[in-house]
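Listed below are the residues making up each chain.
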Amino acid sequence: PAKAPLLLLEPLMRVEVQLPEKHVGTVMSELTGARRGSINKLQPLQAHGQRQAIHALVPLANLVGYASSLRSLTHGEAALSMEFAHYAAVDMHQQQQLLQEMRGY
């Protein structure tokens, strides 16, 4: 019988960040760069004046320490919420790095 290819899954979190417009670019860069997230939607919050809501999917492993980082980036002006979304396959490059770390070679 043929062997199935190895496939690692990681939990993705649905993240919402509510913040003033002046911090949107910095926070979006952080989410899509270092945190390997993908932005789904940027939504203005009418009831809150010059505020926006960023909706994104981010791997759970990359959210460790994110609340503190977000607080620093926005000078405490952002609100963060997150919930489990689903599992997704880890990209091949990341998967190879993880396997090397686990095996030690």
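Residues numbered from 1 in each chain as written. Predicted model: local features only at pLDDT ≥ 70, side-chain atom pairs only at ≥ 80, totals over all residues. Heavy atoms only, no water.

### A look at the pairing of strand S1 (residues 9-20)
Part 1 of the reasoning: Where S1 and strand S4 (residues 79-89) come together, ten bridges link them in antiparallel fashion. If you follow leucine 9 over to S4, its bridge partner there is alanine 89. (Pairing = 2+ DSSP bridges. Helix = DSSP H or I, 4+ residues; strand = E, 2+ residues; numbered from the N terminus.)

### Considering helix H3 (residues 92-103)
Part 1 of the reasoning: Taking 1.5 Å per residue, twelve residues should reach 16 Å; H3 reaches 16 Å between its end C-alpha atoms and fits that length.
Part 2 of the reasoning: Measuring from the backbone nitrogen of histidine 93 back to the side-chain oxygen at the start of H3 gives 3.2 Å, which picks out aspartate 91 as the cap.
Part 3 of the reasoning: Looking at the residues trailing H3, positive phi occurs at glycine 104, about 90°. (Expected span 1.5 Å × (residues − 1). Polar contact = N/O pair within 3.5 Å; in protein donor to acceptor, adjacent residues only side chain to side chain.)

### Here we look at a nonpolar patch on the surface
Part 1 of the reasoning: A contiguous nonpolar surface patch, about 460 Å² in accessible area, is contributed by Leu7, Leu9, Phe84 and Tyr87.
Part 2 of the reasoning: Along the chain, leucine 9 turns up in strand S1.
Part 3 of the reasoning: On the basis of relative accessible area, leucine 9 is assigned to the exposed category, the value being 52%. (Patch = residues over 30% accessible without salt bridge, like charges linked within 9 Å, V, L, I, M, F, W, Y side chains within 5 Å. Areas by Shrake-Rupley, 256 points an atom, 1.4 Å probe, with all protein chains shown as cover. Salt bridge = Lys/Arg side-chain N within 4 Å of Asp/Glu carboxyl O. Buried < 20%, exposed > 50% of the residue type's maximum accessible area, 1.4 Å probe, protein only.)

### A look at helix H1 (residues 24-32)
Part 1 of the reasoning: Regarding H1, the residues found buried are Val24, Val27, Glu30 and Leu31. Along the axis of H1, the buried residues cluster in a sector spanning 135°; they form a single face.
Part 2 of the reasoning: Structurally, H1 contributes buried residues whose contacts are with S1, strand S2 (38-45), strand S3 (51-59) and helix H2 (66-74). (Arc of directions from axis to C-beta. Contact = heavy atoms within 4.5 Å.)

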